[in-house]
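Remarks on the overall topology
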Amino acid sequence: MTFKEARDIAEGTIEYDDHRIIRAAWQFLIDRNHIPHMDSWFRQTAKELIALGICWPRANRESYTRKKRAR
């Protein structure tokens, strides 16, 4: 997935009925640290998705991956 695809899916410009694709687009934007550079709607929505447990915060996801690999 590219930044443009993820942004367009998250924004609804590209429509999907599959919630997994929409969540993956948001997670892509969060994981690659694009959210802080986007407008306030993206920042607020990302915070809400994280608070609801739909997406993971960037830092927590990375430390989980590191711990898993260290085993």
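A few points on the structure. (Residues numbered from 1 in each chain as written. Predicted model: local features only at pLDDT ≥ 70, side-chain atom pairs only at ≥ 80, totals over all residues. Heavy atoms only, no water.)

**Overview of the nonpolar core**
- Counting 14 residues, the largest nonpolar core has Trp 26, Leu 29, Ile 35 and Phe 42 as its most contacted members.
- For this core, the elements supplying multiple residues, two or more each, are helix H1 (3-11), helix H2 (19-31) and helix H3 (40-51).
- When residues in this core are grouped by element, the largest group, five residues, is from H2. (Core = buried A, V, L, I, M, F, W, Y, C linked by side-chain atoms within 4.5 Å. Buried < 20%, exposed > 50% of the residue type's maximum accessible area, 1.4 Å probe, protein only. Helix = DSSP H or I, 4+ residues; strand = E, 2+ residues; numbered from the N terminus.)

**Re the environment of Ala 25**
- By secondary structure assignment, the location of Ala 25 is in helix H2.
- Classification of Ala 25 as buried rests on a relative accessible area of 0%.
- If near-sequence neighbours (up to four positions away) are discounted, Ala 25 is found in contact with Met 1, Ala 6, Ile 9 and Ala 10. (Contact = heavy atoms within 4.5 Å.)

**Notes on the pattern of salt bridges**
- Counting across every chain of the model gives three salt bridges.
- In this structure, Asp 8 engages Arg 7 in a salt bridge whose closest nitrogen and oxygen atoms are separated by 3.1 Å.
- What makes Arg 7 partly exposed here is its relative accessible area of 25%. (Salt bridge = Lys/Arg side-chain N within 4 Å of Asp/Glu carboxyl O.)

**Comments concerning the packing of aromatic side chains**
- Applying the stated criterion across every chain yields a total of three aromatic pairs.
- On the basis of an interplanar angle of 55° and a centroid distance of 5.7 Å, the ring pair of Trp 26 and Trp 41 is categorised as tilted. With a gap of 15 residues between them, Trp 26 in helix H2 and Trp 41 in helix H3 connect regions that are remote in the sequence.
- Residue Trp 26 is classed as buried on the basis of its relative accessible area of 5%.
- Arranged with centres 5.7 Å apart and planes meeting at 45°, the rings of Trp 26 and Phe 42 form a pair that is tilted. With a gap of 16 residues between them, Trp 26 in helix H2 and Phe 42 in helix H3 connect regions that are remote in the sequence.
- Of the residues examined, Phe 42 reaches a relative accessible area of 4% and is grouped as buried. (Phe/Tyr/Trp six-rings, centres within 6.5 Å; stacked < 30°, edge-to-face > 60°.)

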